[in-house]
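# Observations on chain architecture
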Amino acid sequence: MSDNLPEELLIEILTRVPVKSLLCFTLVSKSWYGLITSPNFITTHLTKVHTEKIPNSPSLLLIRRYTKDDKKEHYTINLDDEEDAMKMEEEMANLPRNQ
């Protein structure tokens, strides 16, 4: 996972991070990708978000699914608040696109 941090500590830290940042963190390394996209981590993060509101973070639910047809993982972000959804949509529209 990391040479300097025990896995349990890394999990504790990452479960306090907003979903939008976690999506970026999946690019750090294969081990971080595996951790952040694991069902156990997603469940732990979701539980923590609902029990301890993360400051300045909208209520997000990250859903990961795999389709056999195109053999790709697909992610969906669901927001509880319509205003937060509109803000995120604007931010996503301004992100550079891979071509």
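Residues numbered from 1 in each chain as written. Predicted model: local features only at pLDDT ≥ 70, side-chain atom pairs only at ≥ 80, totals over all residues. Heavy atoms only, no water.

Secondary structure summary: the chain contains 5 helices and 2 strands in total. Starting at the N terminus, the α and β elements of the chain follow one another as α-α-α-α-β-β-α. For the chain, the proportion of its 99 residues judged to be buried stands at 21%. Considering only contacts within the chain whose residues lie at least 6 apart along the sequence, 41% involve residues at least 24 apart. Here the chain displays about 7500 Å² of accessible surface, and carbon together with sulfur accounts for 53% of that area. (Helix = DSSP H or I, 4+ residues; strand = E, 2+ residues; numbered from the N terminus. Buried < 20%, exposed > 50% of the residue type's maximum accessible area, 1.4 Å probe, protein only. Contact = heavy atoms within 4.5 Å. Areas by Shrake-Rupley, 256 points an atom, 1.4 Å probe, with all protein chains shown as cover.)

Moving on to the confidence of the model for the chain. Detailed conclusions should not be drawn from predicted coordinates in areas where pLDDT is low. This prediction gives the chain a mean pLDDT of 75; 60% of its residues lie at or above 70. The secondary-structure element of the chain with the lowest mean pLDDT is helix H5 (residues 82–93), recorded at 65, while helix H3 (residues 30–36) shows the highest, at 90. (pLDDT = per-residue confidence, 0-100.)

All right, on to the environment of Ile11 then. Along the chain, Ile11 falls in helix H1 (residues 7–14). The class for Ile11 is partly exposed, based on a relative accessible area of 25%. Remark: the alpha-carbon pair of Ile11 and Ile36, spanning 25 residues in sequence, is separated by 8.7 Å. Apart from residues no more than four positions distant in its own chain, Ile11 is found in contact with Leu35 and Phe41.

Attention now moves to a nonpolar patch on the surface. Among the surface-exposed residues, Leu5, Leu9 and Ile13 lie close enough to one another that they form a single nonpolar patch of about 220 Å² accessible area. Here Ile13 is to be found in helix H1. By relative accessible area, which is 41% here, Ile13 ends up partly exposed. (Patch = residues over 30% accessible without salt bridge, like charges linked within 9 Å, V, L, I, M, F, W, Y side chains within 5 Å. Salt bridge = Lys/Arg side-chain N within 4 Å of Asp/Glu carboxyl O.)

The subject of this paragraph is the nonpolar core. A general feature of soluble globular proteins is that nonpolar side chains tend to end up buried together. Of all hydrophobic cores here, the largest spans 8 residues; its members are Leu10, Leu14, Val17, Leu22, Trp32, Leu35, Ile36 and Phe41. At 3 residues, the largest contribution of residues to this core is made by H3. Residues contacting Phe41, with those up to four places away along its chain left out, are Ile11, Leu14, Thr15, Leu22, Leu35 and Ile36. (Core = buried A, V, L, I, M, F, W, Y, C linked by side-chain atoms within 4.5 Å.)

What follows is about the pattern of salt bridges. On inspection of all chains with the given rule, the structure shows 1 salt bridge. A salt bridge links Glu12 to Arg16; its shortest N-O distance comes to 2.6 Å. A relative accessible area of 34% places Glu12 in the partly exposed class. Residue class for Arg16 comes out partly exposed when judged on its relative accessible area of 45%.

As a further point, take the side chain of Thr37. By secondary structure assignment, the location of Thr37 is in the loop between H3 and helix H4 (39–51). The class of Thr37 is buried, set by a relative accessible area of 4%.

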